[in-house]
Each structure stands twice: as C-alpha cells, then as structure tokens.
Amino acid sequence: MALEAQGDVFPATRYSVISAARSGDPTERSQAIDAITTFYWKPVYKYVRLRWSLDAEDARDFTQDFFLHLIEKDFLESYDPSKGRLRTFLRTCIDRLFLNQSRDAHRLKRGGVPARQAIDFDEAERELSQMVQQPSSSPASPEDYFEKEWVRTLFALAVEQLRLHCESAGKLVHFELFAGYDLYLYDHQPKPSYASLAAKFNLSVTDVTNYLAFARREFRRCVLQKLREMTGSEEEFRREAQSLLGVQPK
Amino acid sequence: MRWLSDHVLSQLQASVQLPDLAGTRYRAVRFLARGGMGTVWLAEDAVLGRAVALKILELDTASGELAARLSREAMVLAHLEHPGIVPIHDAGTLPDGKPFYCMKYVQGQSLDQSLPPTLPERLRLLQRIAEPLAFAHSRGIVHRDLKPGNIMVGAFGEVLIMDWGLAKITKITEDALHKPDTSLSIVAEHRPWPSPTPSDEVPPTAHGRILGTPGYMSPEQARGDSGLIDERTDVYALGAILRFMMTVKLPKKEASRAFNLRPLNAISEKAMTADPVQRYSSVQELSADVGRYLQGDPIVAYQEGVIERALRLYARHRTAVVLVLAYLIMRALFILFSRQ
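From a predicted model like this one, the values you see are computed outputs, not experimental measurements. (Residues numbered from 1 in each chain as written. Chains lettered and ligands numbered in written order. Predicted model: local features only at pLDDT ≥ 70, side-chain atom pairs only at ≥ 80, totals over all residues. Heavy atoms only, no water.)

Colleague: Outline the packing of aromatic side chains, listing residues and values.
Modeller: All names here are of chain A. Summed over all chains, the structure comprises 16 aromatic pairs over all chains. For the pair Y40 and F146, a centre-to-centre distance of 6.4 Å together with 25 degrees between the ring planes defines the contact as stacked. Taken together, the residues Y40 in helix α2 (residues 26-51) and F146 in helix α6 (residues 142-168) connect sequence positions 106 residues apart. The exposure classification of Y40 matches that of F146, with both residues buried. Between F178 and F219 the ring centres are 5.1 Å apart and the planes differ by 45 degrees, which places this aromatic pair in the tilted class. In this pair, F178 sits in helix α7 (residues 172-182) while F219 sits in helix α9 (residues 205-229), placing the two residues 41 residues apart along the sequence. Aromatic ring contacts, followed pair by pair, group F39, Y40, Y47, F146 and W150 into a single cluster. Over the ring of F214 we find K171, and its NZ or CZ is 4.3 Å from the ring centre. Note that R228 overlies the ring of F237, its terminal NZ or CZ placed 3.8 Å from the centroid. (Phe/Tyr/Trp six-rings, centres within 6.5 Å; stacked < 30°, edge-to-face > 60°. Helix = DSSP H or I, 4+ residues; strand = E, 2+ residues; numbered from the N terminus. Buried < 20%, exposed > 50% of the residue type's maximum accessible area, 1.4 Å probe, protein only. Lys NZ or Arg CZ within 6 Å of the ring centre and 35° of its normal.)

Colleague: Quick rundown of the sheet that holds strand β2 (residues 38-45) of chain B? Include the residues and the values.
Modeller: The strands making up a sheet associate through backbone hydrogen bonding, with each pair oriented either parallel or antiparallel. Residues and elements named next belong to chain B. Taken in spatial order, the five strands of this open sheet run β1-β2-β3-β5-β4, and their pairing is antiparallel. Two strands close off the open sheet at either side, each with one partner strand: β1 (26-34) and β4 (88-93). Shown here is a sheet whose adjacent strand axes are inclined to one another by a mean of 25 degrees, direction ignored. Pairing of β4 with strand β5 (residues 99-104) involves five bridges; the strand directions are antiparallel. Looking at the pairing, I88 lines up with M103 of β5. (Pairing = 2+ DSSP bridges. Axes fitted to C-alpha atoms, helices over the stretch in contact; angles between N-to-C directions.)

Colleague: Outline the layout of surface pockets, supporting the account with residue identities and numerical values.
Modeller: All names here are of chain B. Approximately 810 Å³ is the volume found for the largest pocket. Within the residue set of the lining of the largest pocket, elements represented by two or more residues are β1, β2, β3 (50-57), α2 (65-79), β5 and β6 (108-110). Broken down by class, the residue content of the lining of the largest pocket amounts to 15 nonpolar, ten polar and nine charged. (1 Å grid on protein atoms, 1.4 Å probe; cavity = no way out; pocket = protein on both sides within 12 Å on 5 of 7 lines; lining within 4 Å. Points joined across faces, edges and corners; volume = space filled by probe spheres on them. Nonpolar A, V, L, I, M, F, W, Y, C, P; charged D, E, K, R; others polar.)

Colleague: Can you break down the pairing of β3 of chain B residue by residue, with the values?
Modeller: Within β3 of chain B, six of the eight residues are buried, which leaves the element mostly enclosed by the surrounding structure. Hairpin connection between β2 of chain B and β3 of chain B: a loop of four residues separates the two successive antiparallel strands, and G49 of chain B in this loop has a positive phi of roughly 65 degrees.

This is the structure we're talking about:
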C-alpha cells in the first residue's frame, strides 16, 4: 500500500479486509483472515473474559473457535457495511456464537487459530490484570472495553508499522524521538522538553521539531492505513478517522 | 506489538492531532478550540519565545472556498488595528498544505463563559464591544457572526472581538485588500498564501447563502439576503447580546436591586427590529442609548410615562430630591408649630 507523499490525505488504496475476505482468491482471502485475526484476537479474548466471565482457558478456546467460525461459516458474507460498523458486527457475532454454544452446551475445542501470527494469550491476561488493578481506567461496560481495545490495537499496530517504516527508510532516530516524546518510553513521567531531547540525540531543537513532525505525519498515515483495512465502508472509515485523528476528508 | 497503556493511548491520540509545524517558527503546545473553519492551537513562537494562537484550516488544501475565507479573515484582521480586535502576526501555509494564520494568544474568557456580576458592568461591557465594531464599520467591514462566544474578555479586562471568518467586506475596503499594502504585516513564510482573487470573494457573501449563528443572526442574514447586509446586521447581533446580558441570571444581591428594565428591553427590541431601517443606524447609536440609560437620562428607544419619568428623575437626583423633601417637611412643620 503506497503512502501519500504529503498531508493527512486518505490512503489512496481502497483495500479493505472485508472485500479481501470475500474474495474468490484463496490466498487473498487467507491473508485477509490473518489480518482480521491479528487485529481482533485481543479485543475478542478480553471481551469474552469480561462480558461472559469466561475463565482464561475457556476464553482461549472460544477466541480460537470464533476465528475458525469466521472462516468456515462465512460470517463476513452476511456483513452489510451500510447497517453498521465492522467491529460492532463482529461483537454481535461473538455474542451470538457464545449464546449458541451455551444453548447447545457444546463448546468446540478444536484449537488452532488460523492466523500465522503468534498469539500470546498470556500477554492478554497480563494486560487484563493491569486493567483490573487500575479501576479508574476501567471502562463502563464490556462493550466499551471492546471499543477501547479496538482503538488500542489500531494504534499499537500503527506504531509497529511506523517503526518498520522508519527502520527501512534509515530514519530510526525519528522513531526514537517519537517514542521518547509521544510514546511509552516516558510513560507516567514528565514529558521531556524539545531541548532535552535535542541534547540527548545530539540534534538541534529545530531538528527535533521537524523529526517529530515527520514521525507524527507518518504515524497518522499508518493509522489511516490500518483504519482503512479494518473498516467496512468508506463512510465508516471517514467517520472513524474524524473521531480518532480529527482528520476530515477532502 | 507493544501494549499501549491508557495514558499513552490518550497522549498518542492527542499528539497525532497536533498540527504539522515542521520548518516553521512555531511549536504546538495544545489544542484550544474548534470552529467552523478549522482548529485553534496554542503554540510557542520559537523565535520570539512567546505564546501565540494558530488558526489552522482542517483541510490540507490551499485552494477552495474555506481557504479563501481563512485568507480573507487574515486580511481583515491585518487591516483592523484596534485594541479591541485580536492582532494578527503572520499567515502562510503549513508543510502539509493547510493554510494558517498566527494571532495573539488571548488569555481570558468568552462572554458565554463569564459575565460581569452587575447589570451596569454588563452594560458598560456592551459599550466597549461597540467600540471595535464601530471601528470595523468605519473601515467598511461587517462582522456578521457577533455572539457571546466570539467576544473575549482578556486577563487585563480588555474586550476583544474574535472570529472574523464570516466578515463581509464592503467595496471600499475590498479595493484596499487587493493592493499590496506595506502596512500589511503578513509574511507568507512557507508556501504561497491563497490570495483572495475575485472568484474567491464571491462565496463568503454570495446571495442566498446563510452564514451566521441562530439567535444572533438578523432576518436579512437568515434569508441569505446579502444585499441588505450592512452595519445594521451587527446592530441586530449587539441587540441580541444585550438581551443575553439581561437574561443571564444576576447574582442574588444584584438581582434584589430595582432596575427598570423596560428601557433596556426597548433598546434591545429596537436593535433587533426585523426591518433594518427601523433599527439603530449604527452601533454607536445603540451604545449611546445604553449610556443614557446608565446616566439616568431618557433614551431614544423608549417613550416613558409620567410616573416612570418621575421615578427616573428621582433615581438620578435622589440626594437632591431627599434634601428638598426634607426641607419642605421641616418648613411645613415649622409653619404648623409656629401657628399653634
């Protein structure tokens, strides 16, 4: 997917996992399911832990089941972008699958998530524990938490994409500045000044301003690119972009 | 994939919304406000080391109606050098193609956030709002979006009229805006600033377009009748602001004081008459009537009755009236007792 040269313009590519997942090409379809799994496994896992109070083991099984159903039952075929957001549709599918399985008293424990990515359920458990330990940051409902996890995953994947992009472009300093100023390196610490960052990275303050602007510009594009992939329609994409980044379409 | 805490997530969301100021003399500090055309950011001018406000168009294009309107607003501000109008320092286009202008950062509160506690103070404030307006009118500029949210009272009590994005420029100043003016303190540092070409001038004041804020918008403005829009359009809005000042609850102590509000209602009604011809012909006239009310003089907009006139005169000359009355009573008592 090509990145735009300048500005907060929307990615030119109109790639969406929805259209790819419905594709007749098995490779494209498989890649789309992989992308959905990578994006959604954590929100799904955490959601069922909270919403349906599943224990960790059952939540793992259910999460794997869910993505298998996504492929085998062609859940996505019934998704109509004009009727709602993709993630709301998926959350409804989760609830429906859970209720069906509960009714049948039959939970499939087939294992094996179709994604080729490593899925670390222990990591998700640690994150859940952190949330429980910080009740002030707890969302009002499991549905809200699902939304929040969706945003968190979107930004986390975009950060990773930015890192790879900066690495390949030989601009790792740009990423490190971004990480130092806008990200986790200084989490819960006072924000460093541009001057202190300039001294640390042996740059001028103007360079710090410009490098950070570059990284933020690239990061915005990465978020928009991921957003484009994970939304079901142009309208949804634009609405989410406005809400998350304050970006308005032309 | 690294997990992002809530703190980092919110920080990240805020920082990616920061404007792209690479290559400029400004550093974004924080978001201040969102308006119809764009966003306003608190920024630091790195060269002069001072806080400024940047108004940035949200769209990343230097062309089009909104960009032309922002450009026009900058030009209007540059031509209105008055203590009651926020001064502009700079204008240009950011690296991502978004037009912006830089203005003084006003620390204070808008009228819809805070009003003076007493009615006389509110009325004097209204008179001060009329001053920069009158100046703008004398330069052929009508604000067209006057409302409490666009009037700031600064940290030193100064009154500033903000947001001139909908200003209508009459033909007198229109010519001046097209000539390169040495007094124009705009420095387009980065990319060419979208100049207001004749085609750009049409949309903001085009006939049939409705621009403004309901409640403060005159009937001719609501109809989109641009031909009828002149300084009396701002008179209407000032009348609506007077009504707002009278409507917003006064503190208990102040409310217990007896004010005859009929003259003020009459001033507001006259200013807000549907027919522009029946309104005050200028904001100075409106302000003068408010001044007369404050001094206890009869006002133009209201025909008072005999009792009201007597009460007004009593209120204005209370000490003298009391002294005369006391003298008359003592005199009467003296005569009465001397006869006995």
